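The chain contents come next:
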Amino acid sequence: MAIDSESGRCVSADIAAGIPPAAALFQSLADETRLRIVQRLTRGEARVVDLTTELGLAQSTVSKHLACLRDCGLVDYRAQGRQSFYSLTRPELMDLLASAEHLLAATGHTVTLRPAHEQAGETVS
């Protein structure tokens, strides 16, 4: 899935054109900005303003990538007054990130994709 520069939404035409959903999922996580947003949301919900400040990104960039992640079903938001609080929708995503950490460590590329409290007590196999 690619970001449509006009609308800022994930282009779902790929799935409609026969691209397997698994490929679409991994493509949604293949973008560095979207992965950084997902990583931040593993620590808890955040507003767009929180993400722009913490990640050093423009509001329009964060909003476009959040729209993509929402289209993919990975994040959603809850409204509270005039604010929207974004969070991860699928706890299974933490398992996917853990598996990615283990796979990358096995290939000599140690990365941290989850918060430390999510990694407590784990051993890399």
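A quick note: this is a predicted structure, and the numbers were derived from the prediction, not measured.

Parameters and conventions
- Residues numbered from 1 in each chain as written.
- Predicted model: local features only at pLDDT ≥ 70, side-chain atom pairs only at ≥ 80, totals over all residues.
- Heavy atoms only, no water.
- Buried < 20%, exposed > 50% of the residue type's maximum accessible area, 1.4 Å probe, protein only.
- Helix = DSSP H or I, 4+ residues; strand = E, 2+ residues; numbered from the N terminus.
- Arc of directions from axis to C-beta.
- pLDDT = per-residue confidence, 0-100.
- Contact = heavy atoms within 4.5 Å.
- Expected span 1.5 Å × (residues − 1).
- Salt bridge = Lys/Arg side-chain N within 4 Å of Asp/Glu carboxyl O.
- Core = buried A, V, L, I, M, F, W, Y, C linked by side-chain atoms within 4.5 Å.
- Phe/Tyr/Trp six-rings, centres within 6.5 Å; stacked < 30°, edge-to-face > 60°.
- Pairing = 2+ DSSP bridges.
- Polar contact = N/O pair within 3.5 Å; in protein donor to acceptor, adjacent residues only side chain to side chain.

Taken together, the buried positions of helix H2 (residues 21-30) are occupied by Ala24, Ser28 and Leu29. Looking down the long axis of H2, one finds its buried residues gathered within 135° of arc, a one-sided arrangement.

Let us look at the confidence of the model for the protein. The predicted model of the protein averages 83 in pLDDT, with 79% of residues at 70 or higher. Counting contacts from residues 1-9, a segment whose pLDDT is below 50, to residues more than four positions away or on other chains yields 25 contacts.

The first and last C-alpha atoms of helix H5 (residues 59-71) sit 18 Å apart over 13 residues, in line with the 18 Å expected at 1.5 Å per residue. Within the sequence span of H5, burial applies to Val62, His65, Leu66, Ala67, Cys68 and Leu69. Looking at the buried side of H5, the elements it contacts are H2, helix H3 (32-41), helix H4 (48-55), strand S1 (75-80) and strand S2 (83-88). Downstream of H5 by one or two residues, Gly73 has phi in the positive range, about 80°.

What follows concerns the pattern of salt bridges. The full count for this structure, using the stated rule, is six salt bridges. With a closest N to O distance of 2.5 Å, Arg78 and Glu45 form a salt bridge. With Arg78 in strand S1 and Glu45 in the loop between H3 and H4, this residue pair connects regions lying 33 residues apart in the sequence. Taking relative accessible area as the criterion, Glu45 reaches 34% and is therefore assigned partly exposed.

So, on to the nonpolar core. Soluble globular proteins tend to bury their nonpolar side chains together. Counting 19 residues, the largest nonpolar core has Ile37, Val38, Leu41, Leu51, Val62, Leu66 and Leu69 as the members making the most contacts within it. Of all the secondary-structure elements, those providing two or more residues to this core are H3, H4, H5 and helix H6 (92-106). Not counting chain neighbours up to four residues away, the residues in contact with Leu41 comprise Ala46, Leu66, Val75, Tyr86, Ser87 and Leu88.

We now examine the packing of aromatic side chains. Taken as a whole and judged by the stated rule, the model has one aromatic pair. Seen from their ring centres, Tyr77 and Tyr86 are 5.5 Å apart, and the 45° between their planes marks the pair as tilted. The class of Tyr77 is partly exposed, set by a relative accessible area of 36%. In this structure Tyr86 comes out as buried when scored by relative accessible area, which is 11%.

The next thing to look at is the pairing of S1. Sheet topology places S1 next to S2; six bridges connect them, and they run antiparallel. Residue pairing for S2: Gln80 is matched across the bridge by Gln83. What sits between S1 and S2 in their antiparallel hairpin is a turn of two residues, with Gly81 showing a positive phi close to 65°.

Looking now at the environment of Ala46. Locating Ala46 in the fold gives a position in the loop between H3 and H4. Separated by 31 residues in the primary sequence, Ala46 and Tyr77 have C-alpha atoms spaced 9.1 Å apart. Not counting chain neighbours up to four residues away, the residues in contact with Ala46 comprise Arg40, Leu41, Leu51, Ser84, Phe85 and Tyr86.

What follows covers the side chain of Ser28. Mapped onto the fold, Ser28 is located in helix H2. Classification of Ser28 by relative accessible area gives buried; the value is 0%. A distance of 2.5 Å separates a polar atom in the side chain of Ser28 from the backbone oxygen of Leu25. Not counting the four nearest positions on each side in its chain, Ser28 is found in contact with Arg34, Leu69, Cys72 and Leu74.

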